[in-house]
Amino acid sequence: MLRYLTSGESHGKELTAIIEGMPTGLDIAAAQIDRDLARRQAGYGRGGRMRIETDRVEITSGVRWGMTTGSPIALVIKNRDWENWLEAMAVAIPDAVEDERQVTRPRPGHADLAGGIKYGHRDLRNVLERSSARETAARVAAGAVAKRLLESFGITVASWVVEIGGVRWTRVRRLDAARLFAGAEASQVRCPDEGASARMMRRIDKAKAEGDSVGGVFEVAVTGVPPGLGSHVQWDRKLDARLAAALMSIQAIKGVEVGVGFKAASIPGSKTHDEIFYMAKAGTMTKAAHAAGPWWPRSPRFYRKTNNAGGIEGGMSNGEPIMLRAVMKPIPTLYRPLRSVDIGTKEPFKASVERSDACAVPAAAVVAEAAVAFEIAGAFMEKTGGDSLAEIKRNYEGYLAQVAEY
Ligand code: EPS
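Counting restarts for each chain, with residues numbered from 1 along the sequence as it is written. Local features are withheld for residues below a pLDDT of 70 in this predicted model, meaning they are given only at 70 or higher, and side-chain atom pairs are given and counted only at 80 or more; totals for whole chains, interfaces and linings count all residues. Excluded from the side-chain calculation are hydrogens and water; included are all heavy atoms of the structure.

A. A look at the pattern of salt bridges. Within this document, salt bridges are pairs made up of a side-chain nitrogen of Lys or Arg and a carboxyl oxygen of Asp or Glu, the two lying within 4 Å of each other. Summed over the entire model, instances satisfying the criterion amount to 30 salt bridges. In this structure, the salt-bridge partner of Arg40 is Asp55, at a minimum N-O distance of 3.3 Å. Note that Arg40 is positioned in helix 1 (residues 30-41) and Asp55 in the loop between helix 2 (49-52) and strand 3 (57-61), a separation of 15 residues in sequence. This pair shows no difference in class: Arg40 is buried, exactly as Asp55 is. With a shortest N-O distance of 2.7 Å, Glu129 and Arg125 are connected by a salt bridge. Here Glu129 and its partner Arg125 are both found in helix 4 (residues 125-131), four residues apart, which amounts to about one turn of the helix. Arg125 matches Glu129 in its accessibility class, with the two residues each being buried. A run of H or I in DSSP counts as a helix once it spans at least four residues, and a run of E counts as a strand once it spans at least two, with each numbered from the N terminus. Each residue is placed in one exposure class: buried if its accessible area under a 1.4 Å probe, protein chains only, is under 20% of its type's maximum, exposed if it is over 50%, and partly exposed if it falls in between.

This is the structure:
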């Protein structure tokens, strides 16, 4: 079983991710993980904190001479801002307690009030430090390791942004994940379309000028996934359910769609379901079949010309690209304060101005890649079994031969 946990606070000393269940023989270098950490930090609309941090991972366990050993992999990312919070975030009781860093004023839209009530904290900093999206740096590090495993089997995970603050871009051409990913990487808002990127940036500028924040929608595509990841037999084994949970667990995510998603409410069944075709000979694959990626380079195979199902039927991958979409709400820390109530005095107040991001949708898309990669890697490991990369490769080859004969 592949799993991970994270620890760490936004202004604490460091963040940690511990991954368990990675096979041996996977080559891992800090530089690969750092690339994704840097991608998460980028994006138009980020606030002052990102000028303080330059996230770098230190691998402190589970990798020796560049290879995974099978023991838990520990990944540590330092918070450079911690130096400014030594007393406020001290583990031992500090000599001087800084009152102004205690939080009694819950921000609407944050975990502050519900977390304070639940855990009995009078200083809401004990909630906000952990609920902060700073934690996603650790998830991205864990996801980068999962991506490395998937890469070994030709499975890629890519994200791009399709909407920010009501400015929408609609993909009209057939899915070409590599091209869209390249376009997203070149855009400050991760939108593959230049014109739409410019409009989205203007929307962020407007929000910032008004002391407001904006949310948005991003897509995650997974290509090269073989049929048969996940299972129809039990609710908690369904791949779409697991992916939705992984995405919903990202801070500020309020909804997830698979394939056509909510549009299925208005399309009849005859136009919703993807018809099944069979290709008997190699080299006759349609463009749509090619888009699925290299999970089975040897024909014959079943394929679809449309992908409204988003690559998942009955809770299992069907061999087409997995297509997910998620919406991020606007960041709740606003320069234009909303009304709330002090938990000590019970007096109403308007939240004071705090450092914040006006938009973090591009960053959330990178976090989503990590969350999705980890879940797909887990389902892949369950299908193929094995404790070493070599064993998984043997098992995978055996399974693909079975698929080809089907
Ligand atoms: C966050 C508030 C901001 C963001 C932070 C998430 O931090 P600060 O309170 O230090 O200004 O910058 O995100 C990160 C630090 C990060 O690495 O993504 C929040 O309240 O969730």
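B. Structural context of unusual backbone geometry. Phi at Arg190 takes a positive value of approximately 60°, unusual for a residue other than glycine. Turning to its location among the elements, Arg190 is positioned in the loop between helix 6 (177-185) and helix 7 (194-209). Not every positive phi belongs to a glycine, and Lys346 is a case in point at roughly 65°. Residue placement: Lys346 occurs in the loop between strand 16 (339-341) and strand 17 (348-350).

C. Structural context of the site of the ligand. By convention in these notes, a residue is near a molecule or strand provided one of its non-hydrogen atoms lies within 4 Å of it. In the vicinity of the ligand, the residues found are His11, Arg40, Arg46, Arg49, Met50, His110, Ser132, Ala133, Arg134, Arg355 and Asp357. For the ligand, an oxygen atom lies 3.2 Å from a polar atom in the side chain of Arg46. A total of 460 Å² of accessible area belongs to the ligand in isolation, and the protein chains cover 87% of it. Under the convention adopted here, Pro, Cys and the residues Ala, Val, Leu, Ile, Met, Phe, Trp and Tyr are nonpolar, Asp, Glu, Lys and Arg are charged, and Gly plus all remaining residues are polar. A per-class count over the shell around the ligand returns two nonpolar, three polar and six charged. Counting of polar contacts relies on pairs of N or O atoms within 3.5 Å, with two restrictions inside protein: one atom must be capable of donating a hydrogen and the other of accepting it, and residues adjacent in sequence are counted only when both atoms are side-chain atoms. Note that accessible areas follow from Shrake-Rupley with a 1.4 Å probe, and for residues the cover is restricted to the protein chains shown.

D. Representation of the pairing of strand 1 (residues 3-7). Looking at chain direction, strand 1 and strand 2 (residues 14-20) are connected through five bridges and run antiparallel. By the bridge assignment, Tyr4 is partnered in strand 2 with Ile19. When DSSP locates at least two bridges between a pair of strands, those strands are taken to pair. Between strand 1 and strand 2, which pair antiparallel and follow one another directly, the connecting turn spans six residues, one of which, Gly8, has a positive phi of 125°.

E. Focus on the side chain of Arg49. By secondary structure assignment, the location of Arg49 is in helix 2. Its relative accessible area of 9% is what places Arg49 among the buried residues. A polar contact is formed between the side chain of Arg49 and the backbone oxygen of Ser10, at a distance of 2.7 Å. Residue contacts are defined here by distance: any two heavy atoms, one from each residue, within 4.5 Å place the two residues in contact. When residues no more than four places from it in sequence are discounted, the contact partners of Arg49 are Ser10, His11, Asn79, Asp81, Arg134 and Arg355.

F. Region of the structure containing a nonpolar patch on the surface. Candidates for patches are residues over 30% relative accessible area with no salt bridge; among them, like charges are joined within 9 Å and nonpolar side chains (Val, Leu, Ile, Met, Phe, Trp, Tyr) within 5 Å. A surface patch of nonpolar side chains, about 510 Å² in accessible area, is lined by Ile276, Tyr278, Phe302 and Tyr406. Inspection of the secondary structure puts Tyr278 in strand 11 (residues 276-279).

G. Fine view of the sheet that holds strand 9 (residues 216-223). The five strands are arranged 8-7-9-15-10 in an open sheet whose pairing can be described as antiparallel. Across the chains shown, the open sheet's two edge strands, defined by having one partner strand only, are strand 8 (167-168) and strand 10 (253-258). Taken together, the two bridges between strand 7 (residues 156-164) and strand 8 define a ladder with antiparallel strand orientation. Bridge pairing links Ile164 to Val167 in strand 8. Lines fitted to C-alpha atoms define the axes, with helix axes restricted to the stretch in contact, and inter-axis angles between N-to-C directions lie between 0 and 180 degrees. Relative to the sheet, helix 6 contacts strand 7 and strand 9, its axis offset from that of strand 7 by approximately 55°. Sitting on the sheet, helix 7 is in contact with strand 7 and strand 8, with an inclination near 60° to strand 7.

H. Region of interest: the environment of Thr16. If you trace the backbone, Thr16 turns up in strand 2. Between the alpha carbons of Thr16 and Gly43 there is a distance of 23 Å; along the sequence they are 27 residues apart. If sequence neighbours within four positions are ignored, Thr16 has contacts with Leu5, Thr6, Ser7, Leu75, Val76 and Ala138.

I. Representation of the nonpolar core. Remark: nonpolar core denotes a set of buried residues (Ala, Val, Leu, Ile, Met, Phe, Trp, Tyr, Cys) joined through side-chain atoms within 4.5 Å. Ranked by size, the top nonpolar core spans 88 residues in total, and within it Trp160, Phe218 and Ile376 carry the most contacts. The element best represented in this core is helix 11 (residues 361-384), accounting for 15 residues.

J. Structural view of the packing of helix 5 (residues 136-151) against helix 11. Remark: helix 5 packs on helix 11, axes separated minimally by 7 Å, with the N-to-C direction vectors making an angle of 45°. In terms of orientation, helix 5 and helix 11 fall into the oblique class. Handedness of the helix 5/helix 11 crossing: left-handed. Facing helix 5, whose interface residues are Thr136, Arg139, Val140, Ala142, Gly143, Ala146, Lys147, Leu149 and Leu150, helix 11 presents Val366, Val367, Glu369, Ala370, Ala373, Phe374, Ile376, Ala377 and Met381. Here the residues of the contact of helix 5 with helix 11 are counted per class, giving 13 nonpolar, two polar and three charged. Geometric relationships in this document are graded by angle, where less than 35 degrees denotes roughly parallel, more than 145 denotes roughly antiparallel, 65 to 115 denotes roughly perpendicular, and other angles denote oblique. Handedness of a crossing follows from how the near helix is turned relative to the far one, being left-handed for an anticlockwise turn of less than a right angle and right-handed for a clockwise one.

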